[in-house]
Structures are given as structure tokens and as C-alpha cells.
Amino acid sequence: MNLDGIWELECPSRNFSKIPITIPGDVFTSLIESKLIPDPYYSTNERLVQWVSDVEWIITRQFEASNISSYSAFVLILELVDTFSTVYINDHEVLKTTSNFIFYRTNILKFLKEGTNNIRIIFHVAKKEASKRFFSWLPKS
């Protein structure tokens, strides 16, 4: 099953929801196409859209699964996932990503149900996650 196509994009901190996003794709393109930000490649617009990298983004989609009991595994494969994200199937955390350069595979069979299922990916703010990880390695005084 291929999950490429139209998903829904949201940003809780900006009260954005149900913005169409094409996957594979990116947040900036979706925001430009939805006329929510100006083209960052035009004039000095880049300064106006810096906030996009400083907030958490969520993409969601529904998909159908049938004959689940006939499978011994149902593997979710992700590639080119932006740095820090958490993937949920039917509200169960199934994977955390930490690098755009890792090819991720995880068995999601135990999280699936017959019929309609939901996948949600939360893209965490890279600067915040990197800082948290850096400071967690420092010795406690």
C-alpha cells in the first residue's frame, strides 16, 4: 500500500488546520499553494517566513486495511523524513525519526485495525530537539 498523495497539514500554534499537503512534499510548498505565506524565493520574503521552521507541524491521513489477520507483518517504510518526528498509527506511537538520511522500516501490524486507520506524523522543531539532546548529554552538577 502506498501512502503517497494528499494528506492534511496542521499547525496547532498558528491555528492552521486541514491544509492540503502532497506527500512526498514539504510544508513551505503547501503553505505557498494555500496562499498562507508569500513565496520565500521572491524579494525579501524569506524573512517573513522564518517562523515556519520554528513551529511544530502535523500531517495526517486515513487509509484502509483489510484481511489483517492474514498478514504476519505490515511494514511501514519511510524515507527522507525531516529530522525529528514521531509517527502514530491509530494514536499509538510506532516510530521516532532522528535523521533525514535514515531509511526507516517498522512493523505496524499490531497497531492496525480492520477498516479505516489513521496515520499522524508530528514534525518537531529541529532547533529545540537538537538543543534538548545536546543538554541531556551534559553532566549534571
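Residues numbered from 1 in each chain as written. Predicted model: local features only at pLDDT ≥ 70, side-chain atom pairs only at ≥ 80, totals over all residues. Heavy atoms only, no water.

Chemist: Can you walk me through the environment of Trp-57 in this structure?
Modeler: Secondary-structure assignment places Trp-57 in strand E3 (residues 57-65). A residue is classified by how much of its surface remains accessible, and Trp-57, at 3% relative accessible area, is buried. In the structure, Trp-57 is positioned 28 residues away from Ser-85 in sequence and 9.4 Å away in space, judged by C-alpha atoms. Ignoring sequence-local partners within four residues, the contact set of Trp-57 consists of Leu-9, Glu-10, Cys-11, Phe-16, Val-27, Leu-31, Trp-51, Val-52, Ile-121, Ile-122 and Phe-123. A polar contact of 2.9 Å, which involves the side chain of Trp-57, links it to the backbone oxygen of Val-52. (Helix = DSSP H or I, 4+ residues; strand = E, 2+ residues; numbered from the N terminus. Buried < 20%, exposed > 50% of the residue type's maximum accessible area, 1.4 Å probe, protein only. Contact = heavy atoms within 4.5 Å. Polar contact = N/O pair within 3.5 Å; in protein donor to acceptor, adjacent residues only side chain to side chain.)

Chemist: I would appreciate a short explanation of helix H2 (residues 126-137) in the present structure.
Modeler: Owing to its 3.6 residues per turn, the α-helix aligns residues three or four sequence positions apart on the same side. The end-to-end C-alpha distance of H2, which contains 12 residues, comes to 17 Å, matching closely the 16 Å that a straight helix rising 1.5 Å per residue would cover. With respect to burial, H2 is a largely exposed element, only 1 of its 12 residues being buried. (Expected span 1.5 Å × (residues − 1).)

Chemist: Just to check I follow, could you spell out the packing of aromatic side chains for this structure?
Modeler: The relative placement of two aromatic rings is captured by the distance of their centres and the angle of their planes. Overall, the coordinates contain 4 aromatic pairs when judged by the stated rule. Consider the rings of Phe-16 and Trp-51, whose centres lie 6.0 Å apart with planes at 65 degrees: the pair is edge-to-face. With Phe-16 in strand E2 (residues 16-23) and Trp-51 in the loop between helix H1 (27-33) and E3, the pair connects residues that are 35 residues apart, well separated along the chain. For the pair Phe-16 and Trp-51, a shared accessibility class is recorded, and that class is buried. A centroid spacing of 5.4 Å and a plane angle of 80 degrees characterise the contact between Tyr-71 and Phe-74, whose relative ring orientation is edge-to-face. Take Tyr-71: its relative accessible area is 40%, and that puts it in the partly exposed class. Among the aromatic side chains, those forming a connected cluster through ring pairs are Phe-16, Trp-51 and Trp-57. (Phe/Tyr/Trp six-rings, centres within 6.5 Å; stacked < 30°, edge-to-face > 60°.)

Chemist: Help me understand the sheet that holds strand E1 (residues 5-11) in this model?
Modeler: Strands sit in the order E2-E1-E3-E8-E5-E6 across an open sheet of 6 strands; the sheet is antiparallel. Looking at which strands have only one partner, the edges of the open sheet turn out to be E2 and strand E6 (92-97). Each adjacent strand pair in this sheet contributes to an overall mean axis angle of 25 degrees, direction not counted. (Pairing = 2+ DSSP bridges. Axes fitted to C-alpha atoms, helices over the stretch in contact; angles between N-to-C directions.)

Chemist: Mind showing me how you'd approach the side chain of Thr-97 here?
Modeler: Here Thr-97 shows up in strand E6. Only 3.3 Å separates the side chain of Thr-97 from the backbone oxygen of Thr-83, close enough to count as a polar contact. At a separation of 2.5 Å, a polar atom in the side chain of Thr-97 contacts the side chain of Ser-85. In contact with Thr-97, other than residues within four places in its own chain, are Val-81, Asp-82, Thr-83, Phe-84, Ser-85 and Tyr-104.

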